[in-house]
Amino acid sequence: MSVAIVTGCLGAIGSAICAELRAADYNVIGLDRPADGAFAHGSYLACDLSDAAAVTHVLGTIRQSGVGAGLLVNNAGHYDPKPFFETSLEDFGTAYDINVRAIFQLSQEVARWMIADGTAGAIVNIASIAGKIGSPIVSYGTSKAAVLGLTRSLAKVLAPHRIRVNAIAPGVIASPMSNAINDAQMRTQLAMTAMGRIGAPEEIARVVRFLAGTDASYMTGSIVDVAGGWMS
Ligand SMILES: NC(=O)c1ccc[n+]([C@@H]2O[C@H](COP(=O)([O-])OP(=O)(O)OC[C@H]3O[C@@H](n4cnc5c(N)ncnc54)[C@H](O)[C@@H]3O)[C@@H](O)[C@H]2O)c1
């Protein structure tokens, strides 16, 4: 059996992605920090992605259950809205551990399974418009820029193995993460958005399904803006 692994499955965008993939008949395994409460869109395994040993352990558990992976969606993200001069080196490292290193680690391991199983798979990374244009939240903006680079580089090394790697750059999407944006920043961001509204998690999820499937068979290394016409 082939599964779709989705990180950050309990969040706003992650749960919409899982619901969309389930509706498209994927077997979904969600990863997120340990949490109480039900996960309605497949199986859920608790894992703190900032802990590399925990990531290795949870991936081993999935692999030992005898499944392969056809799709990896690196959706989990860390947003700590501290201003630049209040951001410690440790804070900066945490943003990179979750937003970049975990994607590297998961992609490397899951791509190994795909190659071993002869699966023509897909990886979809959830980056951010902030990675393209910069952000006053420097740890976030730079780590999301790294996701764009990682996407393009992985696309090059994995294309010969029939694994496509693409990223979505969302604009402002309704979620607890965007609730952390202050009013002045939100006004500025909406002023730069041609459609003048924030997006819904489902509007990201539908693009994930497209990039994951055969309709996107000639796409790799692409960064798809889903941002309501963000102009900067
Ligand atoms: N909401 C937006 O406006 C927006 C805009 C651009 C990009 N994004 C990106 O979309 C993705 C999803 O964000 P969201 O808006 O749904 O936010 P969210 O806060 O609702 O979800 C993020 C999820 O990631 C999980 N996560 C964070 N750190 C983790 C860790 N160490 N281990 C395991 N899980 C962890 C959280 O538990 C949460 O469930 C993120 O990568 C985010 O950067 C969001």
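Look up: the structure comes first, before these words.
Residues numbered from 1 in each chain as written. Predicted model: local features only at pLDDT ≥ 70, side-chain atom pairs only at ≥ 80, totals over all residues.

1. A word on the overall build of the chain
So, step 1. When its secondary structure is counted, the chain shows eight helices and seven strands.
So, step 2. In terms of C-alpha radius of gyration, the chain reaches 17 Å, essentially the compact-globule figure of 17 Å for 232 residues.
So, step 3. For the C-alpha atoms alone, the extent of the chain along its principal axes is close to 50 × 35 × 35 Å.
So, step 4. For the chain, the residues scored as buried account for 44% of the 232 residues in total. (Helix = DSSP H or I, 4+ residues; strand = E, 2+ residues; numbered from the N terminus. Rg over C-alpha atoms; globule rule 2.2 N^0.38 Å. Buried ≥ 20, exposed ≤ 12 C-beta atoms within 10 Å, placed from the backbone.)

2. Quick word on the nonpolar core
So, step 1. Among the nonpolar cores identified, the biggest contains 65 residues, and Ala-4, Ile-5, Ile-17, Ile-168 and Val-208 are the most heavily contacted of them.
So, step 2. Sorting elements by how many residues they give to this core places helix H3 (residues 89-117) first, with 10 residues.
So, step 3. Residues within four places of Val-208 in sequence aside, it is in contact with Ile-17, Glu-20, Val-73, Val-124 and Ile-168. (Core = buried A, V, L, I, M, F, W, Y, C linked by C-beta atoms within 7 Å. Contact = placed C-beta atoms within 7 Å.)

3. Notes on the site of the ligand
So, step 1. Not every one of the 26 residues close to the ligand is listed here, only the nearest: Gly-8, Gly-11, Ile-13, Gly-77 and Ser-175.
So, step 2. Of all elements in the fold, only helix H1 (12-23) and helix H6 (176-179) reach the threshold of two or more residues within the shell around the ligand.
So, step 3. For the shell around the ligand, the residue count by class is 13 nonpolar, 10 polar and three charged. (Near = placed C-beta within 6 Å. Nonpolar A, V, L, I, M, F, W, Y, C, P; charged D, E, K, R; others polar.)

4. Some words on the sheet that holds strand S2 (residues 28-32)
So, step 1. Spatial ordering of the open sheet is given by S3-S2-S1-S4-S5-S6-S7, a layout of seven strands whose pairing is parallel. Unpaired on one side and paired on the other, strand S3 (43-46) and strand S7 (223-226) mark the two borders of the sheet. Each adjacent strand pair in this sheet contributes to an overall mean axis angle of 20°, direction not counted. (Pairing = 2+ DSSP bridges. Axes fitted to C-alpha atoms, helices over the stretch in contact; angles between N-to-C directions.)

5. Quick word on the environment of Ser-135
So, step 1. Position of Ser-135 relative to the elements: it lies in the loop between helix H4 (130-133) and helix H5 (138-158).
So, step 2. When the 20 C-beta atoms within 10 Å are taken as the criterion, Ser-135 is described as buried.
So, step 3. Those residues in contact with Ser-135 that sit more than four places away from it in its chain are Ala-130, Tyr-140 and Gly-141.

6. Quick word on the packing of H1 against helix H8 (residues 201-212)
So, step 1. The contact between H1 and H8 brings their axes to 8 Å, and the two run at 50°. The angle between H1 and H8 falls in the class oblique. Classified by chirality, the crossing of H8 by H1 is right-handed. Across the interface between the two elements, Ala-12, Ile-13, Ala-16, Ile-17, Ala-19, Glu-20 and Leu-21 from H1 touch Pro-201, Glu-202, Ile-204, Ala-205, Arg-206, Val-208 and Arg-209 from H8.
So, step 2. Among the residues making up the contact of H1 with H8, the classes are represented as 10 nonpolar, no polar and four charged. (Parallel < 35°, antiparallel > 145°, perpendicular 65-115°, else oblique. Left-handed = near helix turned anticlockwise from the far one by under 90°.)

7. Section: the packing of helix H2 (residues 52-64) against H3
So, step 1. At their nearest, the axes of H2 and H3 sit 11 Å apart, and the two run at 25° to each other. Between H2 and H3, the angle is such that the two are roughly parallel. Relative to H3, the crossing made by H2 is right-handed. Residues Ala-52, Val-55, Leu-59 and Arg-63 of H2 form the contact with H3, whose own contacting residues are Ala-102, Gln-105, Leu-106, Glu-109 and Trp-113.
So, step 2. When grouped by side-chain class, the residues that make up the contact of H2 with H3 number six nonpolar, one polar and two charged.

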